[in-house]
Amino acid sequence: MNFSDERNFSSYFIIIAVVVITALVLWSTSLFLQRLKDDERTKIEIWAQSQKALNSEQSDDYLELSILIGATNRSIPIIITDSSGDFIRDSIGKPDPSYFQNLSETLINNEKRLKSYLSKLKSENKPIELNLRGTVQYIYYGHSDILNKLKYYPIAIALILFLLIGVIYFFFTTSKASEQNKLWAGMAKETAHQIGTPLSSLVGWNEILKAEHVNPEYITEIEKDISRLKVITERFSKIGSIPNLEEVDIVEETREAYTYLQSRSSKLINFSLDLPDKPIYVSLNSQLFSWTIENLVKNAIDAMRGKGDLKIGLTDDAKRVFIYIKDTGKGLPKSKFTKIFEPGYTSKSRGWGLGLSLAKRIIEEYHLGRIKVLRSEIDKGTTFQITLRKSGIKV
C-alpha cells in the first residue's frame, strides 16, 4: 500500500467512523426521547388516577395525596374532553377553564385556536380514559417544553456531524490537490533544468557548424529547433511560480499561435481563423498563453484522429475577451465537461492527462480567467472557450 492509498484509506475510515458515530448518537437520542415520552405518559396516568380519587369518597390522607400528585404537573399541557372528544363547557357555553392545565389564558379565551391546539394534542399522543362515577372523559396531553426542545437535538447533532464530514472531506481533497500542485511544479522545474544542459550544448555545436560553413538551410532549421526548445524550457520554468503578465494584443498573440500550429500540423486538418480587425489588449504571459492554445489544439486534433475541421476564433464585449477552439471530433458527454480538466484524466491509451489540467491552471490561476467546454455533441465536435479580462478591468 503506497502513501496515496494509505491517505485515502484514512480519509474513508474517518468518514465512516463519523457516520457510525452519528448513527449511534441519533439512535441513543431516539431511545432517550422515547423514554421521556413514556415517563410523561406514566406521569399523566398517575395524574388521571389522582383526579379520579378526588372525585371519589376516600380518606382525608388519600385525598391530600391526590391533591399533591395533581399539583406536580406544571409542564405538560392537558385538555380534558367529554366522551365525544369535545370541550367540557361551563354554564354559558364556553370551554370550562377548570378542565385545562398548563395552557395560557390567551389560548383558553380563543376557542378557534383552542380547537386547533386540541387537534394537535390528539395527533401527538393517545388519550387516557377517565371514568368518573360512570361519566367517561378523555385526557389529551402534549409534550412538555423540555421534550419539545429536545426533539430538535438529533437534527442539530446530525447537522454538526455532517458538517464535520464536509470539513474532513474538504481537508483531504485540498491537501491532495496541494500535493499534486507541488509535485507538478517540481517536475516542471526539473524538466526545464534537464533540458537546459543539452540545449546549451546544442547552441555551442550550432556555432561550430556555422564556422565549418555547413549548408545554411541546415543551420536555419537547427536554430528553429533550438528556439523552440528555449520556449519549452521557459514554459516549464514558469510552472509553480507567479509569471510576469504584460499588456499585449490578444488578437496578434492568437494569430501567432495559430500560424505556428497550422504550419506544424497535418495537412488533413482544415484550419480556419476568425479574428477581429482591431487590437484588443489584455494582461498576458505570451508563452503560457501560446502553450494553452497549443494544448487545446492538440487535444482537438487527437479528438478528430488527425483529420477534420478546426476553427480558432475571438470575440469580445465591454469587459472580456472570448477565445474559441472548435473541432469536429468525437465530442463529449455532459458528464465529462468538467472531468476532462482534472489532473490525470485522459481518454487516450497513451497520455498523462495533464494538458487540459495545465491549460486550466494557466488560465484560471495565473490569468484569473476561465476555461470551459462551451458545447459538445457526440460525433459532431467540441467547442472550448477561454475567457480573459481586458486590460484595466478589475476583478
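Quick caveat, the model's predicted, so the values are computed rather than measured.

Here we look at the UniProt feature "transmembrane region" (unreviewed entry) in the chain
Reasoning step 1: Mapped onto the present numbering, the UniProt feature "transmembrane region" (unreviewed entry) falls at residues 12-33 and 152-172.
Reasoning step 2: Secondary structure content for residues 12-33 is 100% helix and 0% strand, and the end C-alpha separation is 31 Å.
Reasoning step 3: Between the end C-alpha atoms of residues 152-172 there is a gap of 31 Å, over a span that is 95% helix and 0% strand.

A closer look at the pattern of salt bridges
Reasoning step 1: For the structure shown, the criterion picks out 14 salt bridges.
Reasoning step 2: Here Glu207 makes a salt bridge to Lys210, at a shortest N to O gap of 3.7 Å. On the criterion of helical spacing, the pair formed by Glu207 and Lys210 is a turn pair, its members being three residues apart in helix H6 (residues 153-211).
Reasoning step 3: Since its relative accessible area comes to 37%, Lys210 is described here as partly exposed.
Reasoning step 4: Across the pair Asp316 and Lys390 runs a salt bridge whose closest N-O atoms are separated by 2.7 Å.

Structural notes on the sheet that holds strand E6 (residues 269-274)
Reasoning step 1: Strands sit in the order E6-E8-E9-E11-E10 across an open sheet of five strands; the sheet is mixed. Looking at which strands have only one partner, the edges of the open sheet turn out to be E6 and strand E10 (370-377). Ignoring strand direction, the axes of neighbouring strands in this sheet form an average angle of 15°.
Reasoning step 2: Alignment of E10 against strand E11 (residues 381-389), held across seven bridges, turns out to be antiparallel. What sits directly across from Glu377, in E11, is Gly381.
Reasoning step 3: Sitting on the sheet, helix H8 (residues 250-263) touches E6, strand E8 (308-316), strand E9 (320-327) and E11, and the angle it makes with E6 is about 170°.

With respect to the sheet that holds strand E3 (residues 128-132)
Reasoning step 1: Judged by pairing direction, the sheet is antiparallel, and its four strands sit side by side in the order E2-E1-E4-E3 without closing on themselves. Two strands in the sheet have a free side with no partner beyond their single neighbour: strand E2 (100-101) and E3.
Reasoning step 2: Pairing between E3 and strand E4 (residues 135-141): five bridges, direction antiparallel. Looking at E4, one finds that Leu130 is bridged to Gln137.

A word on the packing of aromatic side chains
Reasoning step 1: Per the stated rule, a full pass over the model turns up three aromatic pairs.
Reasoning step 2: Aromatic pair Phe87 and Phe100: ring centres 6.0 Å apart, planes at 90°, arrangement edge-to-face. One end of the pair, Phe87, is in the loop between strand E1 (78-81) and E2; the other, Phe100, is in strand E2, and 13 residues separate them in sequence. Across this residue pair, the class does not change: Phe87 and Phe100 are buried.
Reasoning step 3: A centroid spacing of 6.1 Å and a plane angle of 90° characterise the contact between Phe341 and Phe384, whose relative ring orientation is edge-to-face.

Some words on helix H10 (residues 355-366)
Residues lying three or four places apart along an α-helix face the same way, a consequence of the helix completing one turn every 3.6 residues.
Reasoning step 1: For H10, with twelve residues, the first-to-last C-alpha span of 16 Å sits near the 16 Å given by 1.5 Å per residue.
Reasoning step 2: Every buried residue of H10 is listed here: Leu356, Ser357, Leu358, Ala359, Arg361, Ile362, Ile363 and Tyr366.
Reasoning step 3: A positive phi of about 55° marks Leu368, the residue just after H10.

Remarks on the side chain of His367
Reasoning step 1: Mapped onto the elements, His367 comes out in the loop between H10 and E10.
Reasoning step 2: Residue classification places His367 among the buried positions, given a relative accessible area of 6%.

Some words on the side chain of Glu40
Reasoning step 1: The residue Glu40 is located in helix H1 (residues 3-54) in this model.
Reasoning step 2: No salt bridge forms around the buried Glu40; measuring N to O, its nearest opposite-charge neighbour Lys43 is 7.3 Å away.
Reasoning step 3: Residues contacting Glu40, with those up to four places away along its chain left out, are Ile76, Gly142, His143, Ser144 and Leu147.

Let's talk about unusual backbone geometry
Reasoning step 1: Positive phi, normally seen in glycine, also occurs at Asn102, with a value near 60°.
Reasoning step 2: Take Asn102: it is sitting in the loop between E2 and helix H3 (105-108).
Reasoning step 3: Judged by its relative accessible area of 33%, Asn102 falls in the partly exposed class.
Reasoning step 4: Even without a glycine there, the phi angle at Arg305 is positive, about 55°.
Reasoning step 5: Tracing the backbone shows Arg305 in the loop between helix H9 (286-303) and E8.
Reasoning step 6: On the basis of relative accessibility, which here comes to 70%, the residue Arg305 falls in the exposed class.

Brief notes about the packing of H9 against H10
For any two helices packed against each other, one specifies the crossing angle of their axes together with the interaxial distance.
Reasoning step 1: Between H9 and H10, the shortest axis-to-axis distance is 9 Å and the interhelical angle comes to 145°. By crossing handedness, the relation of H9 to H10 is classed as left-handed. On H10, the residues that touch Leu288, Trp291, Thr292, Asn295, Leu296 and Asn299 of H9 are Gly355, Leu356, Leu358, Ala359, Ile362, Ile363 and Tyr366.
Reasoning step 2: Of the residues that constitute the contact of H9 with H10, the class distribution is nine nonpolar, four polar and no charged.

Re helix H4 (residues 111-124)
Reasoning step 1: Between its terminal C-alpha atoms H4 stretches 20 Å, which fits the 20 Å expected from 14 residues at 1.5 Å a residue.
Reasoning step 2: Taken as a whole, H4 has its buried residues at Leu114, Leu118 and Leu121. Projected onto a plane normal to the axis of H4, the buried residues spread over an arc of 60° and lie on a single side. Exposed side of H4, more than 90 degrees from the buried face: Lys112, Ser116 and Ser123 are the residues found there.

Looking at the packing of H8 against H9
Reasoning step 1: In the contact formed by H8 and H9, the axes pass within 10 Å of each other and the chain directions differ by 50°. Relative to H9, the element H8 is oriented oblique. The hand of the H8/H9 crossing is right-handed. Judged by residue contacts, Ile250, Glu253, Thr254, Ala257, Tyr260 and Leu261 of H8 engage Ser286, Phe289, Ile293, Glu294 and Val297 from H9.
Reasoning step 2: Here the residues of the contact of H8 with H9 are counted per class, giving seven nonpolar, two polar and two charged.

About the cut-offs
Residues numbered from 1 in each chain as written. Predicted model: local features only at pLDDT ≥ 70, side-chain atom pairs only at ≥ 80, totals over all residues. Heavy atoms only, no water. UniProt positions renumbered as here; feature names shortened; annotations may be inferred. Helix = DSSP H or I, 4+ residues; strand = E, 2+ residues; numbered from the N terminus. Salt bridge = Lys/Arg side-chain N within 4 Å of Asp/Glu carboxyl O. Buried < 20%, exposed > 50% of the residue type's maximum accessible area, 1.4 Å probe, protein only. Pairing = 2+ DSSP bridges. Axes fitted to C-alpha atoms, helices over the stretch in contact; angles between N-to-C directions. Contact = heavy atoms within 4.5 Å. Phe/Tyr/Trp six-rings, centres within 6.5 Å; stacked < 30°, edge-to-face > 60°. Expected span 1.5 Å × (residues − 1). Lys, Arg positive; Asp, Glu negative; His and termini not counted. Left-handed = near helix turned anticlockwise from the far one by under 90°. Nonpolar A, V, L, I, M, F, W, Y, C, P; charged D, E, K, R; others polar. Arc of directions from axis to C-beta. Parallel < 35°, antiparallel > 145°, perpendicular 65-115°, else oblique.

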